[in-house]
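# Architecture at a glance
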Amino acid sequence: MPLEDGDLVRRKGQRANGEVSDTPRLGGTGEPLLQGTPAPGSSRPEAMAEGWELRPELGDEDVTPGGPPQRVGQKPEPCEEGLMAELSELVQKVVKSSSWWERHGVDITILACSFLLLPAGFLCLRSAQAVPFLAGVLILGVVHHTLTVKGSHLASHNALTESKSWGKVWAIFFIELCSAFTAEQATYNHVKIHHGYTNVIGLGDSSTWKLPFLNRYMYMFIAPLAVPIITPLVALNLLRNVEWKAALRTLCCMFLGLYCHYWLLLHVSGFQSTWSALLCMLLTRSLLAHPYIHVNIFQHIGLPMFAADRKPKRIHLMSLGVLNLPRNALLDWSFGHSLISCHVEHHLFPSLSDNMCLKIKPIVSQYLKQKKLPYNEDTYASRLWLFLQRYEELMVHAPPITELVGIQ
């Protein structure tokens, strides 16, 4: 049965006419990662998260009643599996008609250009003048986040290559060497849990981003500066959950990446003391930490949340629980389109590259709106103001479970 716009879901105790930037409106315009836990209530978590997702999720044990029986010879109305299959077919045509350059080349070129900028950044730090020195900090900061956020994110989804073997190599390089994290835990927690159970309470609800003991201003503006320190510490804690060989490899890669950065600051940039080099490392590695934290909470927290045994099918889960931010040149380059303006598209088709997510964006947005499904969009400033106003509700207290309404 077709769904009525704005009547798909409604939060308990809230009106149905709230705005996306306040109370999520369903017809409206990702982290320290989750601990690895088995996902209840689903027999196919991998199928939800891996691949291009260009087929419906058959066999999911979601609680979504079917439509009324059809008469013989009557064309059936599209069910939720049919909606996902229809959208997947449209996206599949675009993917098949796209060249290797569009599917992988554009994003690989961005990452390669970032590597080529590294020498300029380290050499600029040799200058005693303020402008070249600050330019060096800016270059290294942007390069670091491009490699650790964009590179690691694409590698975790194997979106840089169509080879699984090379995908594993790139995941180790970007996640462990560049980001000082563990590839196995990052991939499992992000791909299998966050993507497989987006906005499902206790699983993919982004709750690990919450630090309820901090007030709103500390969390939003001060705490992000500690991300470069917290990240390897969290990684060390998670090594208990991986095999000893993987743990040893991760430790070696983390040490090598951090020490190379430190060594280059001493021997290329000319820093005279250990503390000055470490301070510069902290400065460059936290340069874009604020938008990194903000983006990961803006695009999920504050939107509908579901219980594991009472969640809608995939296309509704992703259209309800994911939000796109506007295009931004700096963040598009450093974080990638799939984390900024194409986050809905990325959650529907997670193994597509940033450039392909941007290419299919008009198709996905038009399709969801045509089928009267939510396509959530909001500005960075609006979301920031929302979280400052409703920090206690969104980031301290447990989110309410969304009721499924309007599916008959």
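Note that the structure is predicted; figures quoted are calculated from it, not measured.

## Focus: the packing of helix 4 (residues 130–156) against helix 5 (residues 164–178)
- Interaxial distance between helix 4 and helix 5 falls to 9 Å at its minimum, and their mutual angle equals 145 degrees. In this structure, the crossing between helix 4 and helix 5 has a hand that is left-handed. Residues His144, Leu147, Thr148, Gly151, Ser152, Ala155 and Ser156 of helix 4 touch helix 5, and the partners they reach there are Gly167, Trp170, Ala171, Phe174, Ile175 and Cys178.
- Taken together, the residues of the contact of helix 4 with helix 5 break down into 7 nonpolar, 6 polar and no charged.

## Observations regarding the nonpolar core
- In terms of nonpolar packing, the biggest core is built from 30 residues, with Ile315, Leu348, Phe349, Val364 and Leu368 touching the most fellow members.
- When residues of this core are traced back to their parent elements, those giving at least two are helix 2 (80–96), helix 12 (314–321), helix 14 (343–348) and helix 15 (354–370).
- Sequence-distant contacts of Val364, defined by excluding residues within four places in its chain, comprise Leu87, Val91, Glu345, Leu348, Phe349 and Tyr375.
- Leu154, Ile175, Ala180 and Ala235 belong to the second-largest nonpolar core, a separate cluster that totals 18 residues.

## Examining the UniProt feature "transmembrane region" (unreviewed entry) in the chain
- In the UniProt entry, the feature "transmembrane region" (unreviewed entry) is given for residues 108–125, 130–147, 217–239 and 246–264.
- Span residues 130–147 is 100% helix and 0% strand, its end C-alpha atoms 26 Å apart.
- The distance separating the terminal C-alpha atoms of residues 217–239 is 32 Å; by composition the span is 78% helix and 0% strand.

## Considering the pattern of salt bridges
- Within this structure, the stated rule accounts for 11 salt bridges.
- In this structure, Lys150 engages Asp354 in a salt bridge whose closest nitrogen and oxygen atoms are separated by 2.7 Å. Of the two residues, Lys150 sits in helix 4 while Asp354 sits in helix 15, which places them 204 residues apart along the sequence.
- In this structure Asp354 comes out as buried when scored by relative accessible area, which is 0%.
- The partner of Arg249 in a salt bridge is Glu176, and the shortest N-O contact between them spans 2.6 Å. Highlighted residues: Arg249 in helix 9 (residues 244–267) and Glu176 in helix 5, separated in sequence by 73 residues.
- The class for Glu176 is buried, based on a relative accessible area of 0%.
- It is possible to trace a salt-bridge network through shared partners that takes in Lys168, Glu176, Glu184 and Arg249.

## Points about the packing of helix 4 against helix 10 (residues 274–285)
- Packing of helix 4 against helix 10 leaves a shortest axis separation of 8 Å and a crossing angle of 60 degrees. It follows that helix 4 is oblique to helix 10 by the angle criterion. Contacts from Val137, Leu140, Gly141, His144 and His145 of helix 4 reach helix 10 at Leu283, Thr284 and Arg285.
- When grouped by side-chain class, the residues that make up the contact of helix 4 with helix 10 number 3 nonpolar, 4 polar and 1 charged.

## A closer look at helix 8 (residues 227–238)
- Its 12 residues place the ends of helix 8 16 Å apart at the C-alpha level, agreeing with the 16 Å of an ideal helix rising 1.5 Å per residue.
- Three or more residues of helix 8 are buried, namely Val227, Pro232, Ala235 and Leu238. End-on, the buried residues of helix 8 take up no more than an arc of 130 degrees, which puts them together on one face.

## A closer look at the packing of aromatic side chains
- Evaluation of the coordinates by the stated rule reveals 13 aromatic pairs.
- Members of the aromatic cluster, each reached through a chain of ring pairs, are Phe115, Trp166, Trp170, Phe173 and Phe174.

## Observations regarding the state of the cysteines
- Throughout the structure, instances matching the rule amount to 0 disulfides.
- The thiol sulfur of Cys178 is not disulfide-bonded, and the nearest other cysteine sulfur, from Cys253, lies at 9.8 Å.

Reading the values: rules and limits
Residues numbered from 1 in each chain as written. Predicted model: local features only at pLDDT ≥ 70, side-chain atom pairs only at ≥ 80, totals over all residues. Heavy atoms only, no water. Axes fitted to C-alpha atoms, helices over the stretch in contact; angles between N-to-C directions. Helix = DSSP H or I, 4+ residues; strand = E, 2+ residues; numbered from the N terminus. Left-handed = near helix turned anticlockwise from the far one by under 90°. Contact = heavy atoms within 4.5 Å. Nonpolar A, V, L, I, M, F, W, Y, C, P; charged D, E, K, R; others polar. Core = buried A, V, L, I, M, F, W, Y, C linked by side-chain atoms within 4.5 Å. Buried < 20%, exposed > 50% of the residue type's maximum accessible area, 1.4 Å probe, protein only. UniProt positions renumbered as here; feature names shortened; annotations may be inferred. Salt bridge = Lys/Arg side-chain N within 4 Å of Asp/Glu carboxyl O. Parallel < 35°, antiparallel > 145°, perpendicular 65-115°, else oblique. Expected span 1.5 Å × (residues − 1). Arc of directions from axis to C-beta. Phe/Tyr/Trp six-rings, centres within 6.5 Å; stacked < 30°, edge-to-face > 60°. Disulfide = S-S within 2.5 Å.

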